[in-house]
Amino acid sequence: MQNFDLIIIGAGRASNIAAKAGKLGKKVALIEKSTLGGTCPNRGCVPSKLLIGYAQKIREIKDSKKHFIRAIVDNIDQEEIFKRTNEYIYSVEENYKKKFNENVTIFKGEGSFLDDKIVEVNNTKLTAPKIIVATGTRPAKVPLENAWTSDDIFPLIKEIPESITIVGGGFIACELANFFDAIGVETTQLVRGDTLLENEDEEISEIFKEQYCKNVNVKFNISIKNALYKNNSFEIELDNDETYKNDALLFAIGRVSNADTLKLENTNIKLNEKGFIRRDEFFQTDVEGVYVVGDASGEHMLQHAAAFEMNHLFKMLFEDEKEPLKFKYMPHAVFSHPEVASVGLTEKKAKEQNIKYVTSTTSWLASAKAQALKIKYPRTKFILNPDTYEILGCHLIGYESATMIHQVLAIMHLQNDIRNLKEMLYIHPALSEALLPAAVQAVKAIHEYKESKKI
């Protein structure tokens, strides 16, 4: 039995806890079954955004006719795009190793529990008074042999397909389909329902669908009836009896918990109804001294949330932090074409929760910088409390939405009142100035609502 001060199962964002604890002189065991860094830098956020950078530039060139420029994409070096992205992925492991001092012992293998405080990896038993479970999630199992998930394409496949079918209508499907289509791979996206990004506000989702489908061939209300893989390609039959061939088939149909790999039946650690590890407000599981953070809890399955949680847990364990972490707001973005960013309630959620609210949707075209983009669809939508002027939700669609929304987030975190956004001084004519008329219109909508209630 090897004794440690801290055991961490999962070397994604929790690697930072291992590194910092090691620098404090704590003896740390860090267990990782795959590559150090976890999903985000190896198979998720980072490599996918590197790819999207290429897609974005290609889209801009193809759209240059809006600026009275005749331009063509003469050549897309797909192999070089894949090579450069893979170079980054292959560098992740060594860069993470550099974080750790001699107090951190890395175990490469799958860790599981023998009892509440004993973990086994590679037939070696480890124990510690504090154990952190940060095992994240994995893509839902594909229903067809030889089909891919996002995990299967990173590092990027060596044989670049000439055609691909992507199943799913969420953000992973829309980001990957946008990339493959942009670089010249014949792309078909299959969606079971009639919407894309169904978790976004419906108004924003509809605008996204209209614009996105101008580039990507999306088939709605459809599923695969059968798919046969032979001669290095798929013969796909849809449930409307349409058939076609594609070189590759990728499923992006959600992610599931990795808790089933931990042998929690040997412990008193419990799962919730969705199969994720149950925890209290201090990240602690049903076993004292065993904590769960990040996607493994199933609560906020976003990298920025995981990083925040890891930082707070470190303070709790080693800096005498007594207060639980309470996220005031949880923003997210979809880095496709167009780009979407969101925080807080959608209008649908506000209705479902029977919350009194007012909405206001405003074009960006009052901004000269927005006009210079030569696109008309960008919108800002606010969901507002008419009594307090509180921003309940904000939803953006348009160029650099993920950057733009941070201005709204700052207001929400400091003093959540839409009038503060209205009274700000904006650089004219910066793109973020588009938020000024949106805030003015939002305040006006609240005033009109209050006047209507006086009648």
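Within each chain, residue numbers correspond to sequence positions counted from 1 in written order. In keeping with the predicted nature of the model, local features appear solely for residues at pLDDT of at least 70, side-chain atom pairs appear and are counted solely at 80 or more, and the whole-chain, interface and lining totals rest on all residues. The side-chain values count all of the structure's non-hydrogen atoms but skip hydrogen atoms and water molecules.

Taking an unreviewed UniProt entry as the reference, the chain is identified by name as Dihydrolipoyl dehydrogenase belonging to Malaciobacter canalis. Looking at the Sequence similarities (unreviewed entry) heading of the UniProt record, one finds this comment for the chain: "Belongs to the class-I pyridine nucleotide-disulfide oxidoreductase family." UniProt positions are given in the numbering used here, feature names are shortened, and annotations may be inferred rather than shown by experiment. Under Cofactor (unreviewed entry), UniProt gives the following word-for-word description of the chain: "FAD".

**Considerations on the packing of aromatic side chains**
For any pair of aromatic rings, the description consists of the separation of the ring centres together with the inter-plane angle of the planes. Within 6.5 Å between ring centres, the rings of Phe, Tyr and Trp (the latter by its six-membered ring) count as paired, and their orientation is classed by plane angle as stacked under 30 degrees, edge-to-face over 60, tilted in between. Inspection of the entire model under this criterion finds seven aromatic pairs. Among the aromatic residues, ring-to-ring pairing joins Phe82, Phe179 and Phe180 into one connected group. A positively charged side chain is recorded as over a ring if its NZ (Lys) or CZ (Arg) lies within 6 Å of the ring centre. The angle to the ring normal must also be within 35 degrees. Here lysine 20 stacks its cationic end above the ring of phenylalanine 314, 4.4 Å away from the centre of that ring. In this structure, lysine 209 packs its charged tip against the face of phenylalanine 220, placed 4.3 Å from the ring centre.

**Some words on the pairing of strand β15 (residues 243-246)**
Residue exposure (1.4 Å probe, protein chains only): buried if accessible area is under 20% of the type maximum, exposed if over 50%, otherwise partly exposed. Secondary structure counts use DSSP, requiring at least four H or I residues in a row for a helix and at least two E residues in a row for a strand, with both numbered from the N terminus. On β15, burial follows the alternation: Tyr244 and Asn246 on one face are buried, whereas Thr243 and Lys245 on the facing-out side are not. As defined by bridge partners, strand β14 (residues 233-238) adjoins β15 across four bridges and the pair is classed as antiparallel. Each bridged residue has a counterpart across the sheet, and for glutamate 235 the counterpart in β15 is lysine 245. Note on pairing: two strands pair once DSSP finds at least 2 bridges between them. Counting the residues that bridge the hairpin from β14 to β15 gives four residues, and of these aspartate 241 lies at a positive phi of roughly 75 degrees.

**Here we look at the pattern of salt bridges**
A pairing counts as a salt bridge when a side-chain nitrogen of Lys or Arg comes within 4 Å of a carboxyl oxygen of Asp or Glu. Summed over the entire model, instances satisfying the criterion amount to 26 salt bridges. The residue arginine 138 makes a salt bridge to aspartate 260 at a minimum N-O spacing of 2.8 Å. Here aspartate 260 lies in the loop between β17 (255-257) and β18 (290-292) and arginine 138 lies in strand β9 (residues 137-139), a separation of 122 residues in the sequence. Take arginine 138: its relative accessible area is 27%, and that puts it in the partly exposed class. Its salt-bridge partner being aspartate 417, residue arginine 419 comes within 2.7 Å of it at the nearest N-O pair.

**Section: the sheet that holds β14**
If you trace the three strands from one edge of the open sheet to the other, you get β13-β14-β15, paired in antiparallel fashion. In this open sheet, the two strands that pair with only one neighbour each are β13 (224-230) and β15. Averaged over all adjacent pairs, the angle separating strand axes in this sheet is 20 degrees, with direction ignored. With six bridges joining them, β13 and β14 adopt antiparallel strand pairing. Bridge pairing links tyrosine 229 to phenylalanine 234 in β14. Helix axes are fitted only over the stretch in contact, all axes being lines through C-alpha atoms; the angle between N-to-C directions runs from 0 to 180 degrees.

**Considerations on helix α4 (residues 78-97)**
In this scheme, a helix's expected span is set at 1.5 Å multiplied by one less than its residue total. In a regular helix each residue adds 1.5 Å, so 20 residues correspond to 28 Å; α4 covers 30 Å between its end C-alpha atoms and thus fits that length. Think of it this way: the bend at a residue is just the angle between two axes, each fitted to seven residues, one set ending at that residue and the other starting at it. Bending of α4 peaks at approximately 30 degrees at the position of serine 91. Three or more residues of α4 are buried, namely Gln78, Ile81, Phe82, Thr85, Asn86, Ile89, Val92, Glu93 and Tyr96. Summarising the contacts, the buried residues of α4 are in contact with α1 (15-23), α2 (39-43), α3 (45-62), β4 (104-108) and α6 (171-182). Working rule for contacts: check all heavy atoms of both residues, and any pair within 4.5 Å makes them a contact.

**Some details on a negative patch on the surface**
Patch construction takes residues with relative accessible area above 30% that form no salt bridge. Like charges are linked within 9 Å, and nonpolar side chains (Val, Leu, Ile, Met, Phe, Trp, Tyr) are linked within 5 Å. For the area figures, the Shrake-Rupley method with a 1.4 Å probe applies, and any residue is considered shielded solely by the protein chains shown. For the purpose of counting charges, residues Lys and Arg are taken to be positive, whereas Asp and Glu are taken to be negative. His and the chain ends are not included. Where a charge lies is defined by one atom per residue type, namely NZ (Lys), CZ (Arg), CG (Asp) and CD (Glu). A surface patch of like charges, here negative, comprises Asp194, Glu202, Glu206 and Glu210. Position of glutamate 202 relative to the elements: it lies in helix α7 (residues 202-212). Look at glutamate 202 and you get exposed, because its relative accessible area is 52%.

**Some points on the UniProt feature "domain: FAD/NAD(P)-binding" (unreviewed entry) in the chain**
Taken from the UniProt record, the annotation "domain: FAD/NAD(P)-binding" (unreviewed entry) applies to residues 4-307. Across residues 4-307, helical content stands at 28% and strand content at 24%; the span's end C-alpha atoms are separated by 23 Å.

**Side note on the environment of alanine 173**
Here alanine 173 is to be found in helix α6. When sequence neighbours within four positions are dropped, the list of residues in contact with alanine 173 reads Ile166, Gly168, Gln189, Tyr212 and Ala252.

**A few points about the sheet that holds strand β10 (residues 163-167)**
With respect to topology, four strands assemble into an open sheet ordered β12-β11-β10-β16, the strand pairing being parallel. Only two strands of the sheet have a single partner each, and these edge strands are β12 (217-219) and β16 (248-251). Along the sheet, successive strands turn relative to each other by an average axial angle of 20 degrees, direction set aside. Against the sheet, α6 touches β10, β11 (186-190) and β16, its axis set at about 160 degrees to β11.

**Concerning the environment of leucine 228**
Mapped onto the secondary structure, leucine 228 falls in strand β13. Leucine 228 gets classed as partly exposed once you look at its relative accessible area, which sits at 44%. C-alpha separation for the pair leucine 228 and threonine 403, spaced 175 residues apart in sequence, amounts to 43 Å. Among residues more than four places away in sequence, those in contact with leucine 228 are Ser233, Phe234 and Glu235.

**Brief notes about the side chain of threonine 127**
Relative to the elements of secondary structure, threonine 127 occurs in strand β7 (residues 124-127). If we ignore the near neighbours within four places in the chain, the residues touching threonine 127 are Met1, Gln2, Asn3, Phe4, Ile7, Lys117 and Ile118.

**What about helix α13 (residues 435-454)?**
Taking 1.5 Å per residue as the helical rise, α13 with its 20 residues ought to reach 28 Å, and the 29 Å between its terminal C-alpha atoms agrees with that figure. Along α13, the residues that are buried comprise Leu435, Ala438, Ala439, Ala442, Val443, Ala445 and Ile446. The buried residues of α13 occupy an angular sector of 150 degrees when the element is viewed end-on, so they sit on one face. Elements that come into contact with the buried residues of α13 comprise β21 (358-363), β22 (379-384), β23 (391-397), α11 (401-415) and α12 (418-423). The directions from the helix axis to the C-beta atoms form the arc being described.

**Quick word on the pairing of β23**
With seven of its seven residues buried, β23 lies for the most part within the structure. Of the pairings in the sheet, the one linking strand β20 (residues 340-344) to β23 comprises five bridges and is antiparallel in character. For serine 342, the partnering residue across the bridge sits in β23 and is histidine 395. Summarising the sheet, β22 and β23 pair through six bridges and their orientation is antiparallel. By the bridge assignment, lysine 381 is partnered in β23 with histidine 395. Counted along the chain from β22 to the antiparallel partner β23, the turn is six residues long, and its residue tyrosine 389 has a positive phi close to 65 degrees.

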